[in-house]
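Read off the chains here:
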Amino acid sequence: MTADQPAAPRPWKPGRPGSGRGAPRAQAAPRAQTTPRAQAGSRERAGARERAAAPERAAARQGGAARQGGAARQGGAARQGVAGRKGVAGREGTAASKGAAPRERAAPRERAAARERALRFARPERGPGAPRSPRRPTRGSLLEALRGAQTRVRKAWDRPLTAYYLIMGGSLLIIVLGLVMVYSASQIKALQSGLAPSYFFRKQLLAAVLGGALLLLAVRMPIKLHRAFAYPLLAGSVFLMCLVQVPGIGVAVNGNQNWISFGGPFLLQPSEFGKLALVLWGADLLARKQDKRLLAQWKHLLVPLVPAAALLLGLIMLGGDMGTAIILTAILFGLLWLAGAPTRLFAGVLAFAVAIGVLLIKTSANRMSRLACIGATEPGPNDQCWQAVHGIYALANGGWFGSGLGASMEKWGELPEPHTDFIFAITGEELGLAGTLSVLVLFAALGYAGIRVAGRTEDHFVRYAAGGVTTWITAQAVVNIGAVLGLLPIAGVPLPLFSYGGSALLPTMFAIGLLIAFARAEPSARAALATRQPALRKKLARVRRKTMRRRVKKRPSGER
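## A short note on the overall build of the chain
Phase 1: From N to C terminus, the chain includes 18 helices and three strands.
Phase 2: Buried residues in the chain amount to 35% of all 560 residues.
Phase 3: Residue pairs in contact within the chain that sit at least 24 positions apart in sequence constitute 69% of those at least 6 positions apart.
Phase 4: When the accessible area of the chain is evaluated, it comes to approximately 34800 Å², of which 61% is carbon and sulfur surface.

Right, here's the structure in full:
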């Protein structure tokens, strides 16, 4: 039997089930056997189908690769920046024009957010040593920075120890800078008088040391002791002012007899201590009347404060020192203002004081000439405005940053009193506008701190005393600096804490100690100092241990 012949049918056997009993089963159709030729044909047809489907699969693979490449290109464009985004947008626009579904336009906020994200990711990566690109500050960022700085400054001003640090730091800086300028401004004056160049500086340094002791004493004294000390101080000042007028005891300096000689170069001006006496005694008087609620009556407000101040003013004017009388009058008005004097009463007392001042000025040719030198640019007849004009010359020569410490030209005999009343002019010539503004800022900080102490306390004596001291120092600084600038007549008062003069420095430093004691006495300041003292003690102990360890020498290796 060949491969082409069909296979023979199988014979029927009786035991097999069929369609009927005894009937033979119908023969099934013979299976077609796959010949080698048929197998080859089927393989050829399968290959043909695969070849026909290959382009479709290739196209599908190319489409997937294109989609992946497009996504990669979009990510790269986001990192590369605006140029990459434009290219991708162009390609996406082309694809959309070819049949892609158009995208809906995003909202302006979404577009802005997408732009910011793209710019953030498109920034070039910086290496460890690459410089940072400067960011341009915007208007909003500048406003926020200014508001933040204003908030920090306000918080710093509101701290409980701000007044304490301002008073202590500002006064010490003024004293130190004053010592430097006294040494620089007084060298030529000392040489012209046949003295050592450092003569005035050494006397001022000794006065500063004694004043430092008085300052510490005032800081440590309790407030009750300050109030008790006011009456002996007032009585002693009045007694010494009376001794000034006794012949042989009182000494006249520059036409004013307000000094007492203790032998040799040591002189004392009692009127400077009269300022401190008026502040303490007036503060205690007003505080006691405030506690009894008597200040609402005019007679209790004026008596005996105004008569006592008039007594001091009369003793001072007997010696011809109108500058000190102006400062005492300012202290009196400051105390009345703090006591809440009515406007009519305050205006009446002020008008009376101005009338007396005008009368005293018109009756003195020297005072009239000083009044005529306000704003003068030429010495005038008989060189009556010589000092005022050369003070302006000294300030003009200084410029922005001055001619240098010790390089002043006006102190070589051109400017009278360069180390006392007109030391501010020498400061402007040697340190320039920067130096004079520094002095003004220090006095302004001192005045602000004094006003803050007077305004935040609940003790009436502390309020009146702090306000009186602040009025004293501020008014004297304004009168002195105004005379140097040619805005006020020359009153002959020194710049507090700055000019040469031990009689003026000692009571002023005691008054600064009062302000420091009052600033420390505030409840919040006392609590802040109590919390900082243990930390300070620990730091000092740590520094002491380190110092002792350095002093201990290492023993030799053979020594036990």
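## A short note on empty space enclosed by the protein
Phase 1: The full count for this structure, using the stated rule, is five cavities of 30 Å³ or more.
Phase 2: If you trace the largest cavity, you find it lined by Gln476, Pro494, Leu495, Pro496, Leu497, Phe498, Ser499, Gly501, Ala504, Leu505 and Thr508.
Phase 3: A per-element tally of the lining of the largest cavity places helix 17 (residues 502–520) first, with three residues.

## A look at the pattern of salt bridges
Phase 1: All told, the structure shown has five salt bridges when counted by the stated rule.
Phase 2: A salt bridge links arginine 456 to aspartate 158, with the shortest nitrogen-to-oxygen separation between them at 3.8 Å. Here the residue arginine 456 occupies a position in helix 15 (residues 423–456), and aspartate 158 occupies one in the loop between helix 4 (139–157) and helix 5 (162–192), the gap between them amounting to 298 residues.
Phase 3: When its relative accessible area of 48% is taken as the criterion, aspartate 158 is described as partly exposed.
Phase 4: For the salt bridge of aspartate 284 with arginine 227, the shortest nitrogen-to-oxygen distance reads 2.7 Å. A residue pair is termed long-range when its members are at least 10 positions apart, and aspartate 284 in helix 8 (residues 270–291) and arginine 227 in helix 7 (residues 223–244) qualify at 57 residues.
Phase 5: Judged by relative accessible area, which is 4%, aspartate 284 ranks as buried.
Phase 6: Several salt bridges share partner residues, and in doing so they unite Arg227, Asp284 and Arg288 into one network.

## Describing the environment of alanine 325
Phase 1: When you line up the elements, alanine 325 lands in helix 11 (residues 322–338).
Phase 2: A C-alpha to C-alpha distance of 5.7 Å links alanine 325 and leucine 313, two positions 12 residues apart in sequence.
Phase 3: Here alanine 325 is in contact with Leu313, Ile316 and Met317, once residues within four sequence places are set aside.

## Some points on the packing of helix 16 (residues 460–484) against helix 17
Phase 1: Helix 17 packs onto helix 16 with a crossing angle of 140° between their chain directions and a minimal axis gap of 10 Å. On the basis of the axis angle, helix 16 is oblique to helix 17. Considering only the axes of helix 16 and helix 17, their crossing is left-handed. Contact with helix 16, carried on its side by Phe461, Val462, Ala465, Ala466, Val469, Thr470, Trp472 and Ile473, involves Pro507, Thr508, Ala511, Ile512, Leu514, Leu515 and Phe518 of helix 17 and no other residues of that element.

## A look at the sheet that holds strand 3 (residues 267–268)
Phase 1: The three strands lie next to each other as 1-2-3, forming an open sheet whose pairing is antiparallel. Single-partner strands in this sheet number two, and they are strand 1 (250–253) and strand 3.
Phase 2: Summarising the sheet, strand 2 (residues 256–261) and strand 3 pair through two bridges and their orientation is antiparallel. Each residue of the ladder has a partner; that of serine 261, found in strand 3, is leucine 267.

## A look at the state of the cysteines
Phase 1: Counted according to the given criterion, the structure contains one disulfide.
Phase 2: Here cysteine 373 is linked by a disulfide to cysteine 385, with a sulfur-sulfur distance of 2.1 Å. Classification of the bridge connecting cysteine 373 and cysteine 385 rests on its S-S torsion, roughly -90°, and on that basis the disulfide is left-handed. With cysteine 373 in the loop between helix 13 (365–372) and helix 14 (386–398) and cysteine 385 in the loop between helix 13 and helix 14, this pair connects stretches of sequence that are 12 residues apart.

## Some remarks on the packing of helix 8 against helix 11
Phase 1: At a minimum axis separation of 10 Å, helix 8 and helix 11 run at an interaxial angle of 10°. Here helix 8 lies roughly parallel to helix 11, going by the angle between them. For the pair helix 8 and helix 11, the contacting residues are Ser271, Glu272, Gly274, Lys275, Leu278, Val279, Gly282 and Leu286 in the first and Thr324, Ile327, Leu328, Ile331 and Leu335 in the second.

## A short note on the pairing of strand 1
Every other side chain in a regular strand lies on the same face of the sheet, so the side chains alternate between the two faces.
Phase 1: Two strands pair when backbone bridges link them, and strand 1 and strand 2 are joined in this way by four bridges, in the antiparallel orientation. Bridging across to strand 2, valine 253 finds its partner in asparagine 256.
Phase 2: Counting the residues in the hairpin turn of strand 1 and strand 2 gives two residues, including asparagine 254, whose phi is positive at 60°.

## Overview of the confidence of the model for the chain
Phase 1: Looking at the chain, the pLDDT average stands at 80 and 72% of residues meet or exceed 70.
Phase 2: For the chain, the element scoring lowest by mean pLDDT is helix 2 (residues 82–97), at 46; helix 16 scores highest, at 96.
Phase 3: Confidence drops under a pLDDT of 50 for residues 1–9, and excluding neighbours within four residues, the segment shows three contacts in the predicted structure.
Phase 4: For the stretch residues 80–90, pLDDT sits under 50, and the model shows nine contacts to residues farther than four places along the chain or on other chains.

Cut-offs applied
- Residues numbered from 1 in each chain as written.
- Predicted model: local features only at pLDDT ≥ 70, side-chain atom pairs only at ≥ 80, totals over all residues.
- Heavy atoms only, no water.
- Helix = DSSP H or I, 4+ residues; strand = E, 2+ residues; numbered from the N terminus.
- Buried < 20%, exposed > 50% of the residue type's maximum accessible area, 1.4 Å probe, protein only.
- Contact = heavy atoms within 4.5 Å.
- Areas by Shrake-Rupley, 256 points an atom, 1.4 Å probe, with all protein chains shown as cover.
- 1 Å grid on protein atoms, 1.4 Å probe; cavity = no way out; pocket = protein on both sides within 12 Å on 5 of 7 lines; lining within 4 Å.
- Points joined across faces, edges and corners; volume = space filled by probe spheres on them.
- Salt bridge = Lys/Arg side-chain N within 4 Å of Asp/Glu carboxyl O.
- Axes fitted to C-alpha atoms, helices over the stretch in contact; angles between N-to-C directions.
- Parallel < 35°, antiparallel > 145°, perpendicular 65-115°, else oblique.
- Left-handed = near helix turned anticlockwise from the far one by under 90°.
- Pairing = 2+ DSSP bridges.
- Disulfide = S-S within 2.5 Å.
- pLDDT = per-residue confidence, 0-100.

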